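# Descriptive structure summary
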Amino acid sequence: MTTQLPGTLADRVRGQVIRPGDDAYEEARHVYNAMIDAHPDLVVRCTGTDDVAATVRYAAENGRAVAVRGGGHSVPGFGTADGAVVVDLSLMQSVDVDPEQRTASAGGGTTWGRFNDATAASGLATTGGIISTTGLGGLTLGGGIGYLCRGYGLSCDNLVSAEVVTADGTVLTADDDRNADLFWALRGGGGNFGVVTRMTYRVHPVDTIYGGPMFFELADAPAIFAFFREFIRDAPREYGGFPAFQIAPPLPFVPEDRVGDTFIAVVSCWTGSEAEGERVIDRFRQVARPVAEHVGAMPYPALNSAFDPLVPPGLQHYWKAAFVTELTDDAIAAHVEHGARVPVVNSTMHLYPINGAVHDVAPDATAFGHRDATFAAVIAGMWPDPADNEAHTRWVKDYYAAIAPHSEAGGYTNFASADDQTRVAENYGANYQRLREVKRRYDPGNLFHLNQNIRP
Ligand SMILES: Cc1cc2nc3c(=O)[nH]c(=O)nc-3n(C[C@H](O)[C@H](O)[C@H](O)COP(=O)(O)OP(=O)(O)OC[C@H]3O[C@@H](n4cnc5c(N)ncnc54)[C@H](O)[C@@H]3O)c2cc1C
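Scoring rules and cut-offs
Residues numbered from 1 in each chain as written. Predicted model: local features only at pLDDT ≥ 70, side-chain atom pairs only at ≥ 80, totals over all residues. Heavy atoms only, no water. Core = buried A, V, L, I, M, F, W, Y, C linked by side-chain atoms within 4.5 Å. Buried < 20%, exposed > 50% of the residue type's maximum accessible area, 1.4 Å probe, protein only. Helix = DSSP H or I, 4+ residues; strand = E, 2+ residues; numbered from the N terminus. Contact = heavy atoms within 4.5 Å. Expected span 1.5 Å × (residues − 1). Near = heavy atom within 4 Å. Polar contact = N/O pair within 3.5 Å; in protein donor to acceptor, adjacent residues only side chain to side chain. Areas by Shrake-Rupley, 256 points an atom, 1.4 Å probe, with all protein chains shown as cover. Nonpolar A, V, L, I, M, F, W, Y, C, P; charged D, E, K, R; others polar. Phe/Tyr/Trp six-rings, centres within 6.5 Å; stacked < 30°, edge-to-face > 60°. Salt bridge = Lys/Arg side-chain N within 4 Å of Asp/Glu carboxyl O.

With that out of the way, let us pick up the nonpolar core. Phe231, Tyr239 and Phe284 are the most contacted members of the largest nonpolar core, which has 42 residues in total. Take this core: its biggest share by element is seven residues, from helix H8 (residues 221-233). Contact partners of Tyr239, with chain neighbours within four places excluded, come to Arg150, Phe228, Phe231, Ile232, Val266, Val267, Ser268, Cys269, Trp270, Val280, Ile281 and Phe284. Core analysis: the second largest hydrophobic core is formed by 38 residues, Ile131, Trp319, Phe368 and Phe415 among them.

The end-to-end C-alpha separation of H8 is 18 Å, in line with the 18 Å expected for 13 residues at 1.5 Å each. For H8, the complete set of buried residues consists of Ala221, Ile224, Phe225, Phe227, Phe228, Arg229, Phe231 and Ile232.

Time to look at the site of the ligand. In the region of the ligand, 33 residues are neighbours, and Gly70, Gly72, Ile145, Val196 and Tyr412 sit closest. At 2.8 Å from an oxygen atom of the ligand is found a main-chain nitrogen or oxygen belonging to Val68. Gly72 is positioned such that a nitrogen or oxygen atom in its backbone is 2.7 Å from an oxygen atom of the ligand. In isolation the ligand exposes 940 Å². Once the protein is present, 97% of that is buried. Those elements giving two or more residues to the shell around the ligand turn out to be strand E3 (66-69), helix H5 (136-142) and strand E10 (195-202). The leading source of residues in the shell around the ligand is H5, at four residues. Its residues assigned to classes, the shell around the ligand comprises 15 nonpolar, 17 polar and one charged.

Take the packing of aromatic side chains next. The geometry of an aromatic ring pair is captured by two quantities: the separation of the ring centres and the angle between the planes. One pass over the full model with this rule turns up 24 aromatic pairs. Relative to Tyr201, the ring of Trp112 lies with its centre 6.0 Å away and its plane at 65°, an arrangement referred to as edge-to-face. Residue Trp112 is located in helix H4 (residues 112-120), and its partner Tyr201 is located in strand E10; the two are separated by 89 residues in the primary sequence. Tyr201 shares its class with Trp112; the two are buried. Arranged with centres 5.1 Å apart and planes meeting at 80°, the rings of Phe227 and Phe284 form a pair that is edge-to-face. One end of the pair, Phe227, is in helix H8; the other, Phe284, is in helix H9 (residues 274-287), with 57 residues separating them in the sequence. Exposure class is identical for Phe227 and Phe284. Each is buried.

The final tally for this structure, using the stated rule, is 26 salt bridges. Residue Arg69 pairs with Asp88 through a salt bridge whose shortest N-O separation is 3.8 Å. Of this pair, Arg69 sits in strand E3 while Asp88 sits in strand E4 (residues 85-88); the two residues are 19 residues apart in sequence, bridging distant segments of the chain. Since its relative accessible area comes to 3%, Asp88 is described here as buried. One network of salt bridges, in which partners are shared, links Arg229, Glu230, Arg233, Glu326 and Asp329.

It is worth spelling out the side chain of Asn304 at this point. Counting through the fold element by element, Asn304 comes out in helix H10 (residues 300-305). For Asn304, the side chain forms a polar contact with the side chain of Asn116, separated by 2.8 Å. Within the structure, the side chain of Asn304 is placed 2.7 Å from the backbone oxygen of Gly129, a separation counted as a polar contact. When near neighbours in sequence (up to four residues on either side) are disregarded, Asn304 contacts Trp112, Gly113, Asn116, Gly129, Ile130, Ile131 and Ser132.

Take unusual backbone geometry next. Of note in the backbone geometry, Arg102 takes a positive phi value of approximately 55° without being a glycine. Along the chain, the position of Arg102 falls in the loop between strand E5 (95-98) and strand E6 (103-107). Of note, the phi angle at Asn179 is positive, near 50°, even though the residue is not glycine. Here Asn179 lies in the loop between strand E9 (171-174) and helix H7 (180-186). Under the relative-accessibility criterion, Asn179 is labelled partly exposed at 27%.

Our next topic: the environment of Val44. Along the polypeptide, Val44 turns up in strand E2 (residues 42-45). What makes Val44 buried here is its relative accessible area of 0%. Separated by 220 residues in the primary sequence, Val44 and Ile264 place their C-alpha atoms 43 Å from one another. Setting aside anything within four residues of it in sequence, one finds Val44 in contact with Leu9, Val13, Gln16, Val17, Thr55, Val85, Val86, Val87 and Asp88.

If you want it as structure tokens, here you go:
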């Protein structure tokens, strides 16, 4: 049983404090994954760092767990919890771009769509996720995989500084010179160490890209995977892209009689010249004839938001993740068997390459613990109808069981589900023990435990 929280927080913050019974509560208690049905004690829509610090202190004083919510995309729903105090950062989305210094700084609740639009105005970008509604915060702190990572590293590799509210409500700056141990841990250790209220990134000249999706017959899947395995070993770093299983949505470029069929897709993003991009992407057409494709020149933010309609808020989510060093023929066979059974248009498997610039960074230079892997695979179960929960969760579990013997022990923490807490050590990989030491230093009481939790 929880005791009623005293009503003093509203006097300490400028943002809205939402309690059970308030009109705004029903909407505020929910996150992106509709499977999560938690009832927090408070949701605080913070307007700035002072609000965050006051809310963290208040939660600590009252013995409440802190649920941190940025973009709200956590599959386990870490941005809400029964009885918790939610630090909602969604109002903190200001982005400042410095084109001369090639940096961009963003509030802790910024989504990639906002960030990319702001940096694109100066012809710049940094590695972010492939969906525009995902938050910078959760994605970067777990590592950050996307189209640009082969060229520019993970999102966390581009973080140059962070403003952090720690468990005692102190505001710190973490960078290479200040609180360097905390800065190290933030780059791969997730939300374990505090609330990041501002992040500054290195940004790169990325303007119009050349790319988009190609859909190939399922029968071509073994050849596409086998080609991708060889191609990606030393593909130019301007290439970012991934194979995926995808049911064709009703889009203008898909022949009407093929809508609803399952395909092996390749989604590509080329940041070099258009002519060279055409040549590189044409190599896929030499492997098999695409049934449908939508490849061309477009602004980077357009590709970053192209698949948003497939993943609207309010779907049920259950995901599994695996790191893969060698994509063996047996692994490909397992993908083909289970990928062909993808049950619904929203669900998918993506096999993201994380070589190139990701491997330039030493394995212990940041907390991201799996720089030896070539790929990060995600089996992303996403579906609209809760009546399908058992069947669709089963598809994810069976698929994962089939690829696990061909994968490393750990998976990417940002793709993990709530039942992956038992895999935390292997998911954080080689840097787990050092992460525990930093956790002991900055959050010995484990106030921030609603995450893939590193126990102090
Ligand atoms: C549709 C979809 C697409 C995705 N695509 C990609 C992708 O392309 N690449 C990739 O790498 N990942 C991807 N992910 C996974 C994503 O990285 C994680 O779900 C991540 O946690 C989302 O961050 P968020 O801020 O949106 O989530 P939230 O639910 O708001 O946050 C999740 C957790 O992260 C921590 N956190 C978030 N913000 C902060 C902050 N400011 N300070 C401290 N802690 C914070 C907290 O522990 C929080 O509970 C995707 C997820 C979804 C649902």
